Amino acid sequence: MLKVNGNGLLIVVSGPSGAGKDTICKNLVDITDNTWISISMTSRSPRNGEVEGKDYFFVTREEFEEKIEEEKFLEYAMYNNNYYGTPKDKIEDYLNSGIDVILVIDIQGAINIKKLIPSALFIFIMPPDMKTLKQRLIGRKTETKEKVIERFQTAYNEINHLKKYNYVVVNDEVDNAVSKVQAIIKAEKCRVDRIEEIHLDNKEEIIHEILMDNDFNNDEMRI
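Enquirer: Quick question: what am I supposed to make of the overall build of the protein here?
Expert: Helix and strand counts for the protein come out as nine helices and eleven strands. Computed over C-alpha atoms, the radius of gyration of the protein comes to 23 Å, more than 25% over the 17 Å expected from 2.2 N^0.38 for 223 residues, which places it beyond the range of a compact globule. Along the three orthogonal principal directions, the C-alpha set of the protein runs to about 85 × 40 × 30 Å. Looking at the protein as a whole, 37% of its 223 residues are labelled buried. Across the protein, the fraction of contacts at a sequence separation of at least 24, relative to all contacts at a separation of at least 6, is 69%.

Below, the structure is given as structure tokens:
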């Protein structure tokens, strides 16, 4: 009998803006039990359709910096001149309860997490190609041309950090990408270094049981 670590798995997911990491993670949670997406906090303004407490916790820059001083974040980073951070609240409770926690964060935040929790699972989401990424960014119609160019340049820089992650998933089609991430998580939980102990029944007892088993036909076995 194998006794696997009963804690939940911390799953860090990153990728360029427009790669589809949020959609993949949301779809993953819909089809997976005991999985929770951590809600980040940000100092940027909400985009159209974003909901407080669902997409992000939106605070002012001053409020964010106050929480930094109070050490309320597992990690935080500056991205496109806005703060993004992972509140410590709930994450530890979920993990200790055996629930997997997904952190959808940028590269800088992921690197910080890796220093603190090297046992976490790190997955990088890639677009099929950069032209597709460009079309996705333009298709949002939520940002200026200058902001799209800034995000596109940032994407190139982020991809250079790819080897800091355990796995990469190309988001060519959402359902396919979700299946790959789900398979990675299942495989990760089967890793030998996540096994706390191995309990084997007594070898001598089992051999004795075989010797005493009358179901064996010794004549047939000799043929």
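Having seen the model, we can carry on.
Enquirer: Got a minute to help me understand the sheet that holds strand β5 (residues 57-58) in this structure?
Expert: Sheets are built from strands that pair by backbone hydrogen bonding, the pairs being arranged parallel or antiparallel. Taken in spatial order, the four strands of this open sheet run β5-β4-β7-β6, and their pairing is mixed. For this open sheet the edge positions go to β5 and β6 (73-79), each flanked by a neighbour on one side alone. Direction of pairing for strand β4 (residues 41-42) relative to strand β7 (residues 82-87): antiparallel, over a ladder of two bridges. Looking at the pairing, Met-41 lines up with Gly-85 of β7.

Parameters and conventions
- Residues numbered from 1 in each chain as written.
- Predicted model: local features only at pLDDT ≥ 70, side-chain atom pairs only at ≥ 80, totals over all residues.
- Heavy atoms only, no water.
- Helix = DSSP H or I, 4+ residues; strand = E, 2+ residues; numbered from the N terminus.
- Rg over C-alpha atoms; globule rule 2.2 N^0.38 Å.
- Buried < 20%, exposed > 50% of the residue type's maximum accessible area, 1.4 Å probe, protein only.
- Contact = heavy atoms within 4.5 Å.
- Pairing = 2+ DSSP bridges.

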